[in-house]
Amino acid sequence: MKLVNEKQPFNSQDDEATAKLHALVRGASLEATPRQILTTEYLSDLLPAGTCVYVPFLPKGQFSDTLEACRHLLSLGMQPIPHVPARMAESRGQLRDWLSQLDESHIDRLLLIAGDSDSVAGPFPDTLAVLESGLLAQFRFHGIGVAAHPDGHPMADRATLGQALGIKREYARSTSTRLWVVTQFTFDADVVIDWLQSLGDVLEEVPVDIGMAGPTRMKTLIAYAAQCGVGVSARAMLRRPGSARLLRSWTPDGMVQALVRYCLDNPDTLLRGIHLFPFGGLRQSAQWIQEHSGSLEDQRGQFHESSVQ
């Protein structure tokens, strides 16, 4: 198992790898809470116009919070992608109302998820139930994202998760919907690569964005990993001989490097982008993107450093 916090520098003459890395970082999306979006000053200076920002609908929050944050992002020239959690909709009418408000606000894409709640508030226990309802087809959404879990899921095995992805692909095909997949974060590139290769023809040409944690303290990251069910690669990292001296901070540098190599070796891969979870704060992740999306000459020097400080 090759952990991504180890030094894995590119050859200084490897322009192809550097260009691919540059493209992945420049096109990175982020996740930010409504509060982060609405209270962060000079957000347009932190994130370039057109950045895709995923906005969660938190279990203890209100849909209005997510909607307000999405509208603010639009006003700044960014692309909001709100989470729509199936289990939190108390009725078919409420879900229709949420979708209608997004549509009327010119928010044209969304991330459809089951939701973190163990309980089901209404008629939609999962995302498949939402697709089967036909409600999404009533609106003019440009695209729909769905979640995936390379590190596994506590409620379903890999075969079941793969089958669900196949059903969603068929839905997109039959309704001419633009579909993409964004994954939960993981720490191990080998886990991601094994998952991508296991998909076979399940997704065919559906693009995949790989989730990873933005820069943060390792203690904070491990806590989030426990909450989000990302235990496999987290435990592997902690078991690694000598890793204790490295548990000061995390950056996604090594993860991106490993994925770049995989993309170059597998040009037909479904991997199309990266998605950052800013557990260390929105500013820190935005700064990481700024620092690592410069010229090709700058990139050669920056990515020769270890991803753990």
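Residues numbered from 1 in each chain as written. Predicted model: local features only at pLDDT ≥ 70, side-chain atom pairs only at ≥ 80, totals over all residues. Heavy atoms only, no water.

Draft legend 1. Highlighting the pairing of strand 3 (residues 79–85). With respect to burial, strand 3 is a largely interior element, seven of its seven residues being buried. Residues Gln 79, Ile 81, His 83 and Pro 85 point to one face of strand 3 and Pro 80, Pro 82 and Val 84 to the other, with burial holding for every one of them. Strand direction decides the pairing type here: strand 2 (residues 52–55) and strand 3, joined by four bridges, are parallel. By the bridge assignment, Val 55 is partnered in strand 3 with Pro 82. Considered for its hand, the β-α-β crossover made up of strand 2, helix 4 (residues 63–75) and strand 3 is right-handed. (Buried < 20%, exposed > 50% of the residue type's maximum accessible area, 1.4 Å probe, protein only. Helix = DSSP H or I, 4+ residues; strand = E, 2+ residues; numbered from the N terminus. Pairing = 2+ DSSP bridges. Right-handed = clockwise from strand over helix to strand, strands pointing away.)

Draft legend 2. View of the pattern of salt bridges. This structure, assessed with the given rule, holds seven salt bridges. The salt bridge involving Asp 103 is made with Arg 140; its shortest N-O contact spans 3.6 Å. Here the residue Asp 103 occupies a position in helix 5 (residues 92–104), and Arg 140 occupies one in the loop between helix 6 (127–133) and strand 5 (143–148), the gap between them amounting to 37 residues. Given a relative accessible area of 67%, Arg 140 falls into the exposed group. Arg 173 serves as the salt-bridge partner of Glu 204, at 2.5 Å between the closest nitrogen and oxygen. With Glu 204 in the loop between helix 8 (189–198) and strand 7 (208–213) and Arg 173 in helix 7 (residues 158–175), this residue pair connects regions lying 31 residues apart in the sequence. Glu 204 gets classed as partly exposed once you look at its relative accessible area, which sits at 40%. We classify Arg 173 as partly exposed; its relative accessible area is 45%. Bridged by salt links that share partners, the residues Arg 169, Glu 170, Arg 173 and Glu 204 form one connected network. (Salt bridge = Lys/Arg side-chain N within 4 Å of Asp/Glu carboxyl O.)

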